[in-house]
Amino acid sequence: MIGPIFLVEAAVNGVLLGGVLALLALGLNLIFGVVDIIWIAYVDLVMLGMYAVYFLVTAAGWPVWLAGLGGIGLVALLGVLVHLLIIAPILDTAPLNQLLATGGLLFFLQSLATFLWTTDHRSLRLALPVLEVGGLFVSLARLIAFAVALVALLGLYLFLTRTYMGTAMRAVAQDREAMTLMGASPARVYLVTSAIGGAMAGLASPLLLIQYSVHPHFGAQFGPLTFMICVLGGLGDMIGAFVASFIMSEIISLGGVLLSTEMGYVIAFAVFIVLIFARPGGILIRRE
Amino acid sequence: MRRTVALGLLTALGAAPWVPMGGMRQYVLHVLIQILIWSLIGTAWSLMGRFGLVSLGHGAFLGVGAYTTTLLWNFWGLPPWIGCLAAVAFAVLLAVAIGYPCFRFRVVGHYFALATLALGEVIRLLIIAERSWTGGSLGLTLRPAGPASSLIALQFRDKRVFYFGALTLWLLGLAVWTRVDRGVARPALEAIGEDETAAASVGIPVTRCKLGITVLSAALTAVGGVAYAQYISYVNPETLAGIDVSLRIVFAAVLGGMFSLLGPTVGSALTISLAELLRVAFGLRLIGMAETIYGLLLILFIIFLPAGICGGAGRAFERRGPRPAAATATRRS
């Protein structure tokens, strides 16, 4: 029998994981909402960012925070490149083609990482302390990741609501046609969106690297989960995705402790399928 | 004219095992069998795909098919002839379980793609989680049968038997595709693909039509899974379920052209030969390089051949600009 203290611990860990998942889900959701494309290879960009941070710290000797900033810049640049090189040329073709083009990118990035850095698991081995709060053990790395993710999400929220560009992005997401009728070109908005989506993946890279080791198939670990969260929250719905991140992370964390890691994911996906039926437009959208 | 070409092609395919190829015969046959099996699976996928029902979870049906017969044979000695029926039955059940609620509640477009993607992952993870009897990520080897019972167990030493088996199944797949293409359901399904609400308003039973084609596609895919498991005599969750294989199926179908009879076959032949060519070219040197080039070529193909090789009819599924009407309806409902 598993003691209640472990369950509480798992629940706390679930909340902490939820923060980073929300970062990933909102980055992907932003791109979906604005450009109307699902980047299947989104978490594989995170994987590249993790390698970048890893090598900046271990080979170049940068401090972790600086390497993290480097990771953000690099993945933001990658986001722009993905948009310019892959998405922009096929913006007018069938949605399935756009989805598949980023699917090809997934194969490409995974095998490129295997080719360049082999399948070894690499971790920073920071050995951050584990805090004890009233009998609960909470890893400082997770706490830091959670806090940084929340601050970043707040920043994104302010950007979307308080700046001109953010408002333009929300406008495109709401009604693409009206936007063009107003004489505004969505091209620049798409580019900025891809950069911001990339930057969020970039920020997730150091936050994940202080908790997990990186390997070429890291994307497979979090990718499907991120898509589920986006759909669960309602594609393009930011607050929905935020709430969905915590639902999924709790299920995975508790299921992992009670059953097994895989069963945690299986239950999460099963819940996802059930919730899709109950709320096809996202968990926060009521059926009329 | 068409008939002559078809007959010529069939004769060539039928005579292929006897063409003198020296020491290459086994290898060429091996590649051909794989192409035929994956063409069957791609054709099965395109049954739905051509009507705008984009499934990213066909790995689920494939995995269920392959694992059902393998497990039934390994544990209870049930021959794959019967196991195949069970495999198809399970795949159909699974298709109804995901399809009925999706279609009933109008889960379409991106939502449907991602819901099926989740299904593929669930099956993959379930196989891994139940490692005590499925072998987990290590996979499972088909229990070898004695030479006396090779026909019952569908295990043959001679690759030619598998070749003709795969050829038959592939022709079966094409026959099913043609039947659907000429059947009464096709215009209904096309109407649904264009606009669900309009289709329903003229009396088309939307849910039943979509469910029917999904079940058919899932059943054929499961047959493909059984064929693959019998031929390779080894099943593994990574190669038979999950995102990776599901995406590969869709790639082959779209590259070939998902609106024509031989599109998925051409696509499968292309992707499999490409993968084989790169694998042979690089061998054990530069591990990962072959797949890197493969991924890059896939991206280039999608960018420069958006309608597929046998395409042309890239008409359906073009929904850029304004959000698809059906998806907006989902959101509101």
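Rules used in this analysis
Residues numbered from 1 in each chain as written. Chains lettered and ligands numbered in written order. Predicted model: local features only at pLDDT ≥ 70, side-chain atom pairs only at ≥ 80, totals over all residues. Heavy atoms only, no water. Helix = DSSP H or I, 4+ residues; strand = E, 2+ residues; numbered from the N terminus. Rg over C-alpha atoms; globule rule 2.2 N^0.38 Å. Buried < 20%, exposed > 50% of the residue type's maximum accessible area, 1.4 Å probe, protein only. Contact = heavy atoms within 4.5 Å. Lys, Arg positive; Asp, Glu negative; His and termini not counted. Charge placed at Lys NZ, Arg CZ, Asp CG, Glu CD. Patch = residues over 30% accessible without salt bridge, like charges linked within 9 Å, V, L, I, M, F, W, Y side chains within 5 Å. Areas by Shrake-Rupley, 256 points an atom, 1.4 Å probe, with all protein chains shown as cover. Salt bridge = Lys/Arg side-chain N within 4 Å of Asp/Glu carboxyl O. pLDDT = per-residue confidence, 0-100. Buried area = accessible area lost by both parts, 1.4 Å probe. Axes fitted to C-alpha atoms, helices over the stretch in contact; angles between N-to-C directions. Parallel < 35°, antiparallel > 145°, perpendicular 65-115°, else oblique. Left-handed = near helix turned anticlockwise from the far one by under 90°. Core = buried A, V, L, I, M, F, W, Y, C linked by side-chain atoms within 4.5 Å. Expected span 1.5 Å × (residues − 1). Disulfide = S-S within 2.5 Å.

1. Quick notes on the overall build of chain A
Phase 1: If you tally the helices and strands in chain A, you get 11 helices and 2 strands.
Phase 2: Reading the helices (α) and strands (β) of chain A from amino to carboxyl end gives α-α-α-α-β-β-α-α-α-α-α-α-α.
Phase 3: Taken against the 2.2 N^0.38 rule, which gives 19 Å for 288 residues, the C-alpha radius of gyration of chain A at 19 Å falls within 12% of a compact globule.
Phase 4: Summarising its shape, the C-alpha atoms of chain A cover approximately 60 × 55 × 35 Å along the three principal directions.
Phase 5: A burial count over chain A gives 57% of its 288 residues as buried.
Phase 6: A separation threshold of at least 6 residues defines the contact pool for chain A, and within that pool the share at least 24 residues apart is 75%.
Phase 7: Each charge class in chain A can be summarised by its mean position, and for the 10 positive and 12 negative side chains these summaries are 5 Å apart.

2. Some details on a nonpolar patch on the surface
Residue and element names in this part refer to chain B.
Phase 1: On the surface, L9, L262, V266, L305 and I309 cluster together into a nonpolar patch covering about 350 Å² of accessible area.
Phase 2: Its place among the elements puts I309 in the loop between α15 (289-304) and α16 (325-332).
Phase 3: Its relative accessible area of 42% is what places I309 among the partly exposed residues.

3. Re the confidence of the model for chain A
Phase 1: Confidence in the prediction of chain A, expressed as mean pLDDT, is 86, and 97% of residues score 70 or more.
Phase 2: No element of chain A has a lower mean pLDDT than helix α7 (residues 176-181) of chain A, at 78, and none a higher one than helix α2 (residues 42-58) of chain A, at 94.

4. Quick notes on the interface of chain A and chain B
Phase 1: On the side of chain B, 54 residues touch chain A, which itself brings 58 residues to the contact.
Phase 2: For the chain A and chain B pair, buried surface summed over both sides reaches about 4,900 Å², with 75% attributable to carbon and sulfur atoms.
Phase 3: Area buried by chain A at its contact with chain B is led by L100(A), F107(A) and F277(A), which between them contribute 15% of it.
Phase 4: Put simply, chain A and chain B have 1 salt bridge between them.

5. Looking at the packing of α2(A) against helix α4 (residues 95-117) of chain A
Residues and elements named next belong to chain A.
Phase 1: The geometry of α2 relative to α4 is characterised by a closest axis approach of 9 Å and an angle of 25° between their N-to-C directions. On the basis of their axis angle, the class for α2 and α4 is roughly parallel. The crossing of α2 and α4 is left-handed. On α4, the residues that touch D44, L45, M47, L48, Y51 and F55 of α2 are L106, L109, Q110, A113 and W117.

6. Some points on the pattern of salt bridges
Residues and elements named next belong to chain B.
Phase 1: Per the stated rule, a full pass over the model turns up 12 salt bridges over all chains.
Phase 2: Taking the shortest distance from any N to any O, the salt bridge between R106 and E196 comes out at 2.9 Å. Taken together, the residues span a long stretch of sequence, with R106 in the loop between α4 (80-104) and α5 (109-129) and E196 in helix α10 (residues 196-201) at a distance of 90 residues.
Phase 3: Owing to a relative accessible area of 25%, R106 belongs among the partly exposed residues under this scheme.

7. Comments concerning the nonpolar core
Phase 1: Of all hydrophobic cores here, the largest spans 191 residues; its most connected members are W39(A), L96(A), L208(A), F222(A), F272(A) and W45(B).
Phase 2: When residues in this core are grouped by element, the largest group, 14 residues, is from helix α1 (residues 4-35) of chain A.
Phase 3: What L208(A) contacts, discounting residues up to four positions off in sequence, is V20(A), L24(A), V46(A), M50(A), F218(A) and F222(A).

8. Here we look at the environment of L284(A)
All names here are of chain A.
Phase 1: Its location among the elements puts L284 in the segment after α11 (261-278).
Phase 2: Overall, L284 belongs to the partly exposed group, its relative accessible area being 45%.
Phase 3: It is 8.8 Å that separates the C-alpha atoms of L284 and D237, two residues lying 47 residues apart in sequence.
Phase 4: Those residues in contact with L284 that sit more than four places away from it in its chain are D237, I239, G240 and V243.

9. Re α2(A)
Phase 1: For α2(A), with 17 residues, the first-to-last C-alpha span of 25 Å sits near the 24 Å given by 1.5 Å per residue.
Phase 2: Among the 17 residues of α2(A), 14 are classified as buried, and the element is accordingly described as predominantly covered.

10. Observations regarding the confidence of the model for chain B
Residue and element names in this part refer to chain B.
Phase 1: Model confidence for chain B is summarised by a mean pLDDT of 85, while 93% of its residues fall at 70 or above.
Phase 2: Every residue in residues 313-333 scores below 50 in pLDDT, and together they form 48 contacts with partners more than four places removed in sequence or on other chains.
Phase 3: Reported for the predicted complex are a pTM of 0.86 and an ipTM of 0.83.

11. As for the state of the cysteines
Residue and element names in this part refer to chain B.
Phase 1: Applying the stated criterion to the full structure yields 0 disulfides over all chains.
Phase 2: Looking at the unpaired C209, the closest cysteine sulfur is the one in C102, lying at 17 Å.
Phase 3: Classification of C209 by relative accessible area gives buried; the value is 17%.

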